[in-house]
Amino acid sequence: MKPMIGITASLECTTVKIQRVNIDAIESSGGIPVIVPYYRQEESVLTLADSLDGLLLSGGSDIDPTLFGEEPVPQLGSITPDRDWLEGILIKQFLIKKKPILGICRGCQILNITAGGGMYQDIYSQTGRSLLQHAQQAPRDHASHWVTIEKGTMFYEIMGLEKIKVNSFHHQAVYPLAPGFVLAAQSSDGLIEAFESEEHPFVVGVQWHPEDLFANQMEAKKLFAAFVQKCLEGKKKKEP
Ligand code: MN
C-alpha cells in the first residue's frame, strides 16, 4: 500500500511544468506522485483532492499580493493567478480533512497565505534590515546557508539536529505566520525558513528546496520520508 501524493506544477504560458526531482523525491520515499493539472472547474479540483493522500506544493513564481491585502510593490516578480487559485482550493480542502501538506518555497508561502498569514513581497526592500544571500548563485544542489531548528517542534523530531544547511532561491518570505502555525526553523538574519501546524498531523512549510538536496543530503531524505510516512498513516486510517 502506497499513498497517492499530488504535486502542484507551474503553468508557463500554456505548458504545465514540474521539475523531475520533485517526482523522484516522492517516489524514492515510498509515495506515488500524481501531477495536478490545471483544471478549470473547482469541482474537478475537489474530486481529485478527495482521492489524494498528501499534497506537495512545489516551488514557483511569486504570489499575488492582493491575496493578502496588499498591492504590488515594484520588486514583485511574475505571478500566476491560475496557480494561486488552484493551490488555494487544494490547501483549504487538505487543511479541513487534516491531510498532510508539504509546502516548498513558493509552496510554503501560498500555504501560509491561504491559512490566514502574511508575507514579504520582497525581503530585501521590506524587512528593513540587511540579509543573507537568499537568491544563491551556487548550484541548486548546494546548501548555502544555515537554519536553526526550534526545539520542541515536530520538525526538530524529524531532523534530530539544532542546525542544518539549506539551499536558498527566494526573494519573498512568510511573515507573520498564520494562526495555528509555529516557527520550526529560521536563518541567522531572522527570516522564517520553516514552520509547521500545531493543529494537523503534518502541515509543514520550508523556504528552501529539499527536492534539489534529496539525492545527496540526509536531512532532505528525512523530511520527505516523514511526509510520505504521514500520508501513508492517513491513508491506512481511511482505508484500513
Ligand atoms: Mn533562505
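Reading guide: rules and limits
- Residues numbered from 1 in each chain as written.
- Predicted model: local features only at pLDDT ≥ 70, side-chain atom pairs only at ≥ 80, totals over all residues.
- Heavy atoms only, no water.
- Axes fitted to C-alpha atoms, helices over the stretch in contact; angles between N-to-C directions.
- Helix = DSSP H or I, 4+ residues; strand = E, 2+ residues; numbered from the N terminus.
- Parallel < 35°, antiparallel > 145°, perpendicular 65-115°, else oblique.
- Left-handed = near helix turned anticlockwise from the far one by under 90°.
- Contact = heavy atoms within 4.5 Å.
- Nonpolar A, V, L, I, M, F, W, Y, C, P; charged D, E, K, R; others polar.
- Donors = N, O, S within 2.8 Å, 3.2 Å for Na, K, Ca; no water.
- Buried < 20%, exposed > 50% of the residue type's maximum accessible area, 1.4 Å probe, protein only.
- Polar contact = N/O pair within 3.5 Å; in protein donor to acceptor, adjacent residues only side chain to side chain.
- Arc of directions from axis to C-beta.

## Points about the packing of helix 2 (residues 42-51) against helix 3 (residues 81-97)
Each pair of packed helices can be summarised by the angle the axes make with each other and by the distance between the axes.
Next up, step 1: Axis separation between helix 2 and helix 3 bottoms out at 10 Å; the angle between their running directions is 40°. Between helix 2 and helix 3, the angle is such that the two are oblique. In this structure, the crossing between helix 2 and helix 3 has a hand that is right-handed. Residues Glu42, Val45, Leu46, Ala49 and Asp50 of helix 2 form the contact with helix 3, whose participating residues are Trp85, Leu86, Ile89, Leu90, Gln93, Phe94 and Lys97.
Next up, step 2: Its residues placed into classes, the contact of helix 2 with helix 3 shows eight nonpolar, one polar and three charged.

## Topic: the coordination of the manganese ion
Next up, step 1: Around the manganese ion, the protein contributes the donor atoms His134 (ND1), His145 (NE2), Ser168 (OG), His170 (NE2) and Glu193 (OE), at 2.3 Å from the metal centre.
Next up, step 2: Along the chain, the residues donating to the manganese ion fall in the pattern H-x10-H-x22-S-x1-H-x22-E. Highlighted residues: His170 in the loop between strand 9 (163-166) and strand 10 (173-174) and Glu193 in strand 12 (residues 192-197), separated in sequence by 23 residues.
Next up, step 3: According to the relative accessible area criterion, His170 is buried, its value standing at 4%.

## Quick notes on the side chain of Thr80
Next up, step 1: Within the element layout of this structure, Thr80 appears in the loop between strand 5 (54-57) and helix 3.
Next up, step 2: Engagement of the side chain of Thr80 in a polar contact is seen with the side chain of Ser61, the distance being 3.2 Å.

## A short note on helix 1 (residues 20-28)
Next up, step 1: Within the sequence span of helix 1, burial applies to Asn22, Ala25 and Ile26. Here the buried residues of helix 1 occupy an arc of 95° about the axis, which is enough to place them on one side. Turned more than 90 degrees away from the buried face of helix 1 sit Arg20, Glu27 and Ser28, all of them exposed.
Next up, step 2: Packing partners of the buried residues in helix 1 comprise strand 1 (4-8), strand 4 (32-36), strand 5, strand 6 (101-104), helix 7 (210-213) and helix 8 (218-238).
Next up, step 3: Just beyond helix 1, the residue with positive phi is Gly30, at close to 100°.

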